[in-house]
Amino acid sequence: MREFWNPYAPPDPQRRRLLGVGSVLALLLLWSAVAASGLVSPTKLPAPWQVVSAFGYLAWNDGQSMLLTATLWSVGRLLVAGLLVILIGIPIGIVMGAAPQVNAALSPLVDPFRSAPVVALLPILVMWMGIGESMKIAFLFIGAVVYLIPMVRDAIQAVPQSYWIGARDLGATPWECIRSAVVPMAMPRIADAVIVAFSVMWTYITVAEYVNAREGLGQLIQNARRFSAWDQVFAGIMVIIALALATYQLMIWLKRRLYPWETQQ
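Figured I'd write up the structure that's included with this text.

Quick notes on the rules
Residues numbered from 1 in each chain as written. Predicted model: local features only at pLDDT ≥ 70, side-chain atom pairs only at ≥ 80, totals over all residues. Heavy atoms only, no water. Helix = DSSP H or I, 4+ residues; strand = E, 2+ residues; numbered from the N terminus. Buried < 20%, exposed > 50% of the residue type's maximum accessible area, 1.4 Å probe, protein only. Contact = heavy atoms within 4.5 Å. Areas by Shrake-Rupley, 256 points an atom, 1.4 Å probe, with all protein chains shown as cover. Lys, Arg positive; Asp, Glu negative; His and termini not counted. Charge placed at Lys NZ, Arg CZ, Asp CG, Glu CD. Phe/Tyr/Trp six-rings, centres within 6.5 Å; stacked < 30°, edge-to-face > 60°. Polar contact = N/O pair within 3.5 Å; in protein donor to acceptor, adjacent residues only side chain to side chain. Axes fitted to C-alpha atoms, helices over the stretch in contact; angles between N-to-C directions. Parallel < 35°, antiparallel > 145°, perpendicular 65-115°, else oblique. Left-handed = near helix turned anticlockwise from the far one by under 90°. Nonpolar A, V, L, I, M, F, W, Y, C, P; charged D, E, K, R; others polar.

### Thoughts on the overall build of the chain
Okay, step 1: Helix and strand counts for the chain stand at 10 helices and 0 strands.
Okay, step 2: When the helices and strands of the chain are read in sequence order from the N terminus, they spell out α-α-α-α-α-α-α-α-α-α.
Okay, step 3: When the 265 residues of the chain are sorted by exposure, 35% land in the buried category.
Okay, step 4: In the chain, once contacts between residues fewer than 6 apart in sequence are set aside, the share between residues at least 24 apart is 69%.
Okay, step 5: Of the roughly 15900 Å² of accessible surface on the chain, 68% is carried by carbon and sulfur atoms.
Okay, step 6: Side chains of the chain give 18 positive and 13 negative charges; the mean places of these two sets differ by 3 Å.

### Digging into the packing of aromatic side chains
Okay, step 1: Counted by the stated rule, this structure contains 2 aromatic pairs.
Okay, step 2: Measuring from ring centre to ring centre gives 6.0 Å for W31 and F234, while their planes differ by 35°; the resulting arrangement is tilted. You can see W31 sitting in helix α1 (residues 13-37) and its partner F234 sitting in helix α10 (residues 230-258), a full 203 residues away along the chain.
Okay, step 3: Overall, W31 belongs to the buried group, its relative accessible area being 12%.

### Regarding the side chain of S65
Okay, step 1: Inspection of the secondary structure assignment puts S65 in the loop between α2 (48-59) and α3 (66-98).
Okay, step 2: Note on S65: relative accessible area 13%, which makes it buried.
Okay, step 3: Here A59 takes part through its backbone oxygen, which lies 2.6 Å from a polar atom of the side chain of S65.
Okay, step 4: Apart from residues no more than four positions distant in its own chain, S65 is found in contact with L58, A59 and W60.

### Focus: the packing of helix α7 (residues 161-169) against helix α8 (residues 174-208)
Okay, step 1: It is the contact of α7 with α8, at a shortest axis distance of 9 Å, that shows an interaxial angle of 140°. The orientation of α7 with respect to α8, classified from their angle, is oblique. Crossing of α7 against α8: the hand is right-handed. Where α7 abuts α8, its residues Y163, W164, A167 and R168 lie against P174, C177, I178, A181, V182 and M185.
Okay, step 2: Here the contact of α7 with α8 is built from residues that sort into 9 nonpolar, no polar and 1 charged.

On their own, these measurements won't tell you what the molecule is for.
Printed below as a string of structure tokens:
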């Protein structure tokens with residue numbers, strides 16, 4: 001208990017895993033107890049075993065897997081939007097971080113959207129782009145890029161000026177200093193920004209797929225809600241959470257392989 005309130009003394013990996021597993025099991029036990037007690041109607045809170053049964057039904061029924069099809073569609077949309085976010089957002093963020101005048105010009109256009117409800121833009125995107133796939137990808141792109149650009153800019157500006165000065169002393173041009181000295185030092189933090197962007201897109205995937213999606217996890221959840229199949233709704237939500245966590249862990253693993261000198265808490 002002496003180290004309980006010490007933020008600089010994290011628990012060892014084994015204890016950390018035990019605490020994490022214990023909290024999940026405690027939540028499942030509480031959920032099961034509430035569902036079994038009858039205090040809450042199954043139409044509002046299905047029992048865990050009902051959600052597991054619904055997951056099995058969605059995973060395989062009548063020779064097809066609705067869950068697999070929906071997952072592939074959602075992952076495909078997210079990958080396309082994520083590629084656009086990386087190709088467009090990272091260069092803009094680097095330029096904003098490297099050129100104070102560009103940052104002064106673009107910050108008023110970018111920064112407010114981090115606090116603004118991006119969902120409010122959905123009707124405008126529907127009006128401009130229709131209800132097809134381009135609208136869904138554009139919505140995911142906008143929802144993520146408004147977080148990525150400022151984080152990339154901040155990563156560039158967080159690099160100590162000594163690296164830029166050292167490159168200049170060696171004869172590099174200002175742009176060569178940015179390209180060869182500042183950007184490489186900022187890459188671990190830029191990788192963190194990409195991880196955040198993909199996490200944000202997972203939070204918006206259901207909203208993007210609510211509008212005339214032929215397939216997708218959001219459409220699967222919406223159809224289940226329409227028929228009051230709340231066990232399927234819970235199953236779909238848990239699949240999204242699991243996919244988001246898997247994406248996060250995969251990207252953390254890639255970051256550790258690319259930048260092993262960076263510690264990840």
